[in-house]
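Observations on the three-dimensional arrangement
The residues making up each chain are set out below.
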Amino acid sequence: MNTKRAVIHFFLSWALPWDAMGHGSMFEPPSRNSGGMSLLAPTCAGGACQWYSQGCTIGCPQCSGRYSAEPDCANPAEPTLKWGEDDNLLQYHTDGHGANTTYFPWRYPGAAPIMDSCGIAGGGTPPFGQLDPPPGHPAGSSGSDTAHAPKLLEQTIWVAGSAVEVAWGIAANHGGGYQYRLCPEGEPLTEECFTSTPLEFVGDKQWIRFDNGNPHTAAISRLREIPAVRVSGDKVLPVNSTWTKNPIAGCKINGAREKLPCLGPTMVPPLLDETFPYGGGAEPGLYGFGGGHCMGNVSRNASVRCTDMEYGNAVFNFAIVDLVKVPEHIPPGNYVISFRWDCEQTKQIWSSCGDVTIKGPDAPAAGTKPFSALRGCTPCCAAMGGLCANCTRCLNDRTGDCAYCWKPLEWWGGRQYWSPRASHIQCLGYEASDGGASTWMPGQPTSVWSPGCPKCWALEDGCAMHVRDLEQDISVTPTLPDVIDLRIPRDWMLHGSGALLLAVIGFALAKRKIFQI
Ligand SMILES: *[C@@H]1O[C@H](CO)[C@@H](O)[C@H](O)[C@H]1NC(C)=O
Ligand SMILES: *[C@@H]1O[C@H](CO)[C@@H](O)[C@H](O)[C@H]1NC(C)=O
Ligand SMILES: *[C@@H]1O[C@H](CO)[C@@H](O)[C@H](O)[C@H]1NC(C)=O
Ligand SMILES: *[C@@H]1O[C@H](CO)[C@@H](O)[C@H](O)[C@H]1NC(C)=O
Ligand SMILES: *[C@@H]1O[C@H](CO)[C@@H](O)[C@H](O)[C@H]1NC(C)=O
């Protein structure tokens, strides 16, 4: 075994304690809504957090699309989660604008209608919804329609009966809780289908996976275990299915939207042994509003615009990870997985869909290694209906129909409000030097990002369907991130730099001594 492999083994065994088992969006498995893009992962990959339903009141027949706080029908259901009885599951008495949250989706998990089990771009069809669709999609596009949200080129394999990791990220924290559900591919992607197979959570723990869940460094992301708070029985729909509470505490009173200060956590936050920048870094624990802190109508109030650094601090650079059980007796085949986040602070439901291929328990195949990198070519490939797939003949042409490929696909359809502080997506022109996707992280200067189509088109199999890395097959890691290549002590000794390291440590110790005296 060579050094590189040994080092990777070391990091994997360290990062994955459960190795053998197997505005938010699903991040693992990767969602169709992301278009297969890594920009803004893990909270809003490729704009995945802009697919949602709005104006959804518990017990009403349909969502109205309206943002208002009033119930969306005359006879809403009575909440099952009540203050005084279920305080461990709740965190918002009001919506941050003074309105009562009694009939909002999380107050009876699963009982609010939804516009589309895979989300609607911009939360509704004009004139309703906030009309803030992700780049390249008209408001009102349906997430369950593959013409708008195609399957990814990457396939994820799950083994029936195993426990697998799933994860999502939060772009704007609205409390509430979530569930993952399956529907066989080929069936209409309706709530009726998805509610027939909700996935059961495994154990009473969940994990926070820090460091942006960046596909290139995810193998060495820092993990923290936290207790999971779940609810089941007749307080939820489907009856006896399980929902998990969003563990991240929000901001007191005002929610900290539109750059208002976070006035401390709404509940006792997890990870009290650390202080994080998200909520302003004032109190210990994991809390805040997330990147939504920097969203607001900049036409109405220019001060809501964050600096790049303010945005970098507010953004949640972590994913929330759970283990779910792949049903033991589910027929093998292709399934669509829908993530559904019922909000507590707003009348909104966030959803994303992805694809999993389930193998029988006796199949020799291993399951997909969670968080393994995507090749990222879905947006560039015609067969998938990718956003930039029609730009193949535009590499040396910026005129006529090709102008589209050389213009930024702006967030929110180019509207001036709701400044996202993220890079715009442009099909061509802003690739890394090898023609692949460039890396952009919140906090870096906002510019323009390209998905890396020239590299995909140059690869013989760039546009081919392929299986993501499998659990046992470590050797297929295609591009090794520099950070994994940590042969430092040996090289340093060989090159004499060890002396410098010792000098630095010596100086640090000496300095400490001096200060102690
Ligand atoms: C919200 O409405 C419910 C039902 O009408 C009421 O019992 C509760 O006191 C109200 N809460 C607030 C914070 O106004
Ligand atoms: C829910 O679970 C309870 C307790 O196991 C059981 O009595 C009840 O029949 C179940 N209800 C449904 C609809 O499955
Ligand atoms: C504009 O936004 C800033 C930042 O949140 C806030 O302090 C200020 O009060 C707002 N101004 C108005 C007129 O709403
Ligand atoms: C943003 O503010 C402008 C100017 O006040 C207003 O015309 C527009 O309707 C606002 N947009 C939203 C979505 O609130
Ligand atoms: C590609 O598709 C977009 C969106 O439909 C369209 O505006 C553009 O003209 C097309 N460009 C080419 C080169 O076909």
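Calculation rules
Residues numbered from 1 in each chain as written. Chains lettered and ligands numbered in written order. Predicted model: local features only at pLDDT ≥ 70, side-chain atom pairs only at ≥ 80, totals over all residues. Heavy atoms only, no water. Near = heavy atom within 4 Å. Polar contact = N/O pair within 3.5 Å; in protein donor to acceptor, adjacent residues only side chain to side chain. Areas by Shrake-Rupley, 256 points an atom, 1.4 Å probe, with all protein chains shown as cover. Nonpolar A, V, L, I, M, F, W, Y, C, P; charged D, E, K, R; others polar. Helix = DSSP H or I, 4+ residues; strand = E, 2+ residues; numbered from the N terminus. Buried < 20%, exposed > 50% of the residue type's maximum accessible area, 1.4 Å probe, protein only. Contact = heavy atoms within 4.5 Å. Salt bridge = Lys/Arg side-chain N within 4 Å of Asp/Glu carboxyl O. pLDDT = per-residue confidence, 0-100. Disulfide = S-S within 2.5 Å. 1 Å grid on protein atoms, 1.4 Å probe; cavity = no way out; pocket = protein on both sides within 12 Å on 5 of 7 lines; lining within 4 Å. Points joined across faces, edges and corners; volume = space filled by probe spheres on them. Pairing = 2+ DSSP bridges. Core = buried A, V, L, I, M, F, W, Y, C linked by side-chain atoms within 4.5 Å.

The name an unreviewed UniProt entry gives the protein is Chitin-binding type-4 domain-containing protein, with Cymbomonas tetramitiformis as the organism.

In the vicinity of ligand 5, the contacting residues are Asn390, Arg393, Cys394, Asp401 and Tyr404. The side chain of Asn390 places a nitrogen or oxygen atom 2.3 Å from an oxygen atom of ligand 5. Between ligand 5 and Asp401, the relevant distance is 3.1 Å, taken from a nitrogen atom to a main-chain nitrogen or oxygen of the residue. About the coverage of ligand 5: the protein hides 58% of its 360 Å² of free accessible area. Looking at the shell around ligand 5 residue by residue, the classes come out as 2 nonpolar, 1 polar and 2 charged.

With that settled, the discussion passes to the environment of Val356. Counting through the fold element by element, Val356 comes out in strand S15 (residues 348–359). Owing to a relative accessible area of 1%, Val356 belongs among the buried residues under this scheme. For Val356 and Pro29, which are 327 residues apart along the polypeptide, the C-alpha to C-alpha distance reads 7.6 Å. Those residues in contact with Val356 that lie beyond four places of it in its chain are Pro29, Thr156, Trp158, Leu182, Gly333, Asn334, Tyr335 and Ile337.

Throughout the structure, instances matching the rule amount to 18 salt bridges. Note that Lys347 is salt-bridged to Asp72, the shortest N-O span being 2.9 Å. You can see Lys347 sitting in the loop between strand S14 (333–342) and S15 and its partner Asp72 sitting in the loop between strand S2 (51–54) and strand S3 (120–121), a full 275 residues away along the chain. With respect to class, Lys347 is no different from Asp72; both count as buried. Note that Asp461 is salt-bridged to Arg375, the shortest N-O span being 4.0 Å. With a gap of 86 residues between them, Asp461 in the loop between helix H4 (453–458) and strand S18 (466–467) and Arg375 in the loop between S15 and strand S16 (424–425) connect regions that are remote in the sequence.

Right, let's talk about unusual backbone geometry for a bit. Here Ala41 and Pro42 are connected by a cis peptide whose omega angle stands at 10°. Checked against the element boundaries, Pro42 lands in the loop between strand S1 (24–28) and S2. Look at the link from Leu237 to Pro238: it is a cis peptide, with omega at -15°. Locating Pro238 in the fold gives a position in the loop between strand S11 (230–231) and strand S12 (243–245). In the Ramachandran plot, Asn240 falls in the positive-phi region, its phi being about 75° despite a non-glycine side chain. Summarising the element assignment, Asn240 is placed in the loop between S11 and S12.

Confidence along the protein averages 85 in pLDDT terms, with 84% of residues attaining 70 or more. For the stretch residues 473–517, pLDDT sits under 50, and the model shows 26 contacts to residues farther than four places along the chain or on other chains.

On to the state of the cysteines, then. Summed over all chains, the structure comprises 13 disulfides. The disulfide partner of Cys381 is Cys463, and the S-S distance across this bridge is 2.0 Å. In this structure the cystine formed by Cys381 and Cys463 twists about its S-S bond by roughly -75°; its chirality is therefore left-handed. A residue pair is termed long-range when its members are at least 10 positions apart, and Cys381 in the loop between S15 and S16 and Cys463 in the loop between H4 and S18 qualify at 82 residues. Assessed through its relative accessible area of 35%, Cys463 is described here as partly exposed. Across the disulfide, Cys391 is cross-linked to Cys405 (sulfur-sulfur distance 2.1 Å). Between Cys391 and Cys405, the S-S torsion sits near -90°, and that sign places the bridge as left-handed. Of this pair, Cys391 sits in the loop between S15 and S16 while Cys405 sits in the loop between S15 and S16, and the two are 14 residues apart along the sequence. As far as burial versus exposure is concerned, Cys391 and Cys405 are alike and both buried.

Further remarks concern empty space enclosed by the protein. Volume-wise, the second largest cavity comes out at about 120 Å³. Surrounding the second largest cavity, 16 residues form its lining, Leu40, Cys44, Ala171, Met295 and Tyr311 being those nearest its centre. Considering only residue class, the lining of the second largest cavity consists of 12 nonpolar, 4 polar and no charged.

Turning next to the environment of Gly255. Within the secondary structure layout, Gly255 lies in the loop between S12 and helix H3 (308–314). The exposure class assigned to Gly255 is buried, which follows from its relative accessible area of 1%. Sequence-wise, Gly255 and Phe289 are 34 residues apart; in three dimensions their C-alpha atoms are separated by 6.5 Å.

Turning our eyes to something else, we now look at the pairing of strand S6 (residues 163–170). Summarising burial for S6: 8 of the 8 residues are buried, a large majority. Along S6, one buried face is formed by Ala163, Glu165, Ala167 and Gly169 and the opposite face, lined by Val164, Val166, Trp168 and Ile170, is buried too. As paired strands, S1 and S6 are joined by 4 bridges and run antiparallel to one another. Within S6, the residue paired with Glu28 across the bridge is Ala167.

Bringing the side chain of Asn173 into the picture now. Positionally, Asn173 belongs in the loop between S6 and strand S7 (177–184). Asn173 gets classed as buried once you look at its relative accessible area, which sits at 0%. Within polar-contact distance, the side chain of Asn173 engages the backbone oxygen of Gly288 at 3.2 Å.

Once that is clear, we can look at the pairing of strand S9 (residues 205–209). Among the 5 residues of S9, 4 are classified as buried, and the element is accordingly described as predominantly covered. Relative to strand S10 (residues 223–227), S9 runs antiparallel, the two being bridged by 5 bridges. The residue of S10 that forms the bridge with Gln206 is Ile226. Two elements, S9 and strand S13 (residues 319–325), share 3 bridges in a ladder whose sense is antiparallel. In the strand pairing of S13, Trp207 is matched with Val321.

Moving on: the nonpolar core. Counting residues in each nonpolar core, the largest one holds 35 residues, and the members touching the most others are Trp158 and Tyr180. Elements that contribute at least two residues to this core include exactly S6, S7, S13, S14 and S15. Setting aside anything within four residues of it in sequence, one finds Tyr180 in contact with Met26, Val166, Ala167, Trp168, Pro198, Leu199, Phe201, Ile337, Ser338 and Phe339. Cys49, Ala171, Cys377 and Ile425 belong to the second-largest nonpolar core, a separate cluster that totals 34 residues.

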